[in-house]
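# An overview of the molecular structure
Spelled out, the chains give:
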Amino acid sequence: MICLGIETSCDETAAALVEGHRLLSSVVASQADLFGEWGGVVPEVAARRHLEVIDSVVDAALREAQVTDAEIGLVAVTRGPGLVGALMVGLSWAKAYAFARGLPLIGVNHVVAHAHAALLGTGPSYPELALIASGGHTDLLRLRSAEDVEVLGRSRDDAAGEAFDKVARVLALGYPGGPVLERLAAGGDAGRAPLPTVRLEGTPYDFSFSGIKTAAFALARSGVRPEDVAAGFQQAVLGQLADRAVRAVREYGASRLIFAGGVSANRFLREHLQEALRPLGCALLVPPFRLSTDNAAMIAALGAELHAAGRTSPLDLAAEPVIHPFRA
Ligand code: KG4
Ligand code: ZN
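Nothing here was measured: the structure is a model prediction, and the numbers come from that model.

So, about the coordination of the zinc ion (ligand 2). Distances from the zinc ion (ligand 2) to its protein donors, H110 (NE2), H114 (NE2) and D294 (OD), fall at 2.0 to 2.1 Å. Linear spacing of the donor residues for the zinc ion (ligand 2) on their chain is H-x3-H-x179-D. In this pair, H114 is assigned in helix α4 (residues 110-117) and D294 in the loop between β10 (283-285) and α10 (297-308), connecting sequence segments 180 residues apart. With respect to burial, H114 and D294 carry one shared label: buried.

Below is the structure:
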C-alpha cells in the first residue's frame, strides 16, 4: 500500500510517498530563507508559508514518484510535537485529503518518526535503540515496536540542535547554525576551548546542553578564536551523546544504534559516534543526509507501520504541540 506522508511541524513543508519500507519520493520545501535575519523560526510566518506551498509540495512528491492520487491508500501526518499553528496546516490538509478520498488517516509523533528515516530500505528489527538529536528534541529512545516506545532519557533544557543554533548566533554565523558551525569547527582546535562532558546525577540517560552553550558564549566573549569555540562546543556535544549511547548499548546489548534528527547530519558526530560504538560490536545506523533533517518520508514510514499494526486516527485528531504522555 502506498502511504502519503505530510510534515509541517516547524519550518519545512514536506510530502513523501513510501510503499512499505521503500521510499518512492521525498520533497522538502525549506523556509530557512525566511528566518536567517531573525536567527530563528517565527511561528506565525512559518504557518503562513506552509499554507502557501503545501499543495505544490504534494504535487511534486506525486510527480517525482510517478504516482496518481488514486494509487494512494493511506495518509500519514505529523500530529506533534511542534509549533501548533504549523502543525495545524499539515493536519488540516491531511484530514481534508483523507476525507475527500475516503482514505484512512494516521497521526504520528515527529520525534519517533525521525528514527524511521534510518530504517527506510531495510525495515526495523525490534527492539531498536535510537538517539534523536534535533532542533526541538534530544531523546534517547528504545523502540520495542512501532507503537511501543520507551524514553530512556531526554534533554533537561536545550535540545542539541538548539544549542548549536544559539552558539552559532553568538558567533554571528546565521541560521540554521548547525551546518555552519560544523564547517567552522573543522578548522578549529577543541583543545583551545575545552568544555566538560556533562553527567547528571541519578538520570544517566538525560542530557543537558544549556551549560556547555553558556560556557561556549563565555569563551567567545573572552577572545578565544571562533573556530576553536566551535570545535570545543562540538566536541562537548559529542562527549555527551557518546556517553549516553555507549551506556545504553552496553545495558541493552544492542548490535546497532540509530542516530537521527537534524544534528545527525553532522559528519564529525557521525564518524566519532561510530568510533565510540565500534569496540562494543555495535553499528551506527544513520539516515541518508537529506533525511536527517525534517522530511515527510519518515512520517510516511512510521505511519505505514502503525497502520499495518492496526492503528488509525479519527478525523478530529488534534495537533499536540507537546506529546504527553509520550507515545508513537
Ligand atoms: O530535525 P530537524 O530538521 O528539525 C527539528 O525537528 O527540530 O533539526 C534541525 C536542527 C537545527 O537545530 C540545525 O541547526 C541542526 O538540526 N543541524 C545540525 C546540522 N545540520 C542541521 N546540527 C549540527 N550539525 C549539522 N551539520
Ligand atoms: Zn525534526
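We are not done yet, so read on.
This brings us to empty space enclosed by the protein. With the rule as written, the count across this model stands at one cavity of 30 Å³ or more. Space inside the largest cavity adds up to approximately 40 Å³. Residue lining of the largest cavity: H21, H116, L119, L120, G123, P124, A301 and E305, and that is the complete set. Among the residues making up the lining of the largest cavity, the classes are represented as four nonpolar, three polar and one charged.

With mixed pairing, five strands are arranged side by side in an open sheet as β8-β7-β6-β9-β10. Strands at the two margins of the open sheet, each flanked by one partner only, are β8 (149-154) and β10. Between one strand axis and the next, the sheet turns by 25° as a mean value, whatever way the strands run.

Before going further, it helps to spend a moment on the sheet that holds strand β5 (residues 105-109). The strand order β3-β2-β1-β4-β5 describes an open sheet built from five strands, whose pairing is mixed. Every interior strand has two partners, whereas the edge strands, β3 (22-30) and β5, have only one. On average, adjacent strands in this sheet sit at an angle of 20° to one another, irrespective of strand direction. Taken together, the six bridges between strand β1 (residues 2-7) and strand β2 (residues 12-19) define a ladder with antiparallel strand orientation. Note on β2: the bridge partner recorded for C3 is V18. Across the sheet, helix α3 (residues 84-101) lies against β1, β4 (72-80) and β5, angled at about 155° from β4, the strand it touches most.

Reading guide: rules and limits
- Residues numbered from 1 in each chain as written.
- Chains lettered and ligands numbered in written order.
- Predicted model: local features only at pLDDT ≥ 70, side-chain atom pairs only at ≥ 80, totals over all residues.
- Heavy atoms only, no water.
- Donors = N, O, S within 2.8 Å, 3.2 Å for Na, K, Ca; no water.
- Helix = DSSP H or I, 4+ residues; strand = E, 2+ residues; numbered from the N terminus.
- Buried < 20%, exposed > 50% of the residue type's maximum accessible area, 1.4 Å probe, protein only.
- 1 Å grid on protein atoms, 1.4 Å probe; cavity = no way out; pocket = protein on both sides within 12 Å on 5 of 7 lines; lining within 4 Å.
- Points joined across faces, edges and corners; volume = space filled by probe spheres on them.
- Nonpolar A, V, L, I, M, F, W, Y, C, P; charged D, E, K, R; others polar.
- Pairing = 2+ DSSP bridges.
- Axes fitted to C-alpha atoms, helices over the stretch in contact; angles between N-to-C directions.
- Contact = heavy atoms within 4.5 Å.

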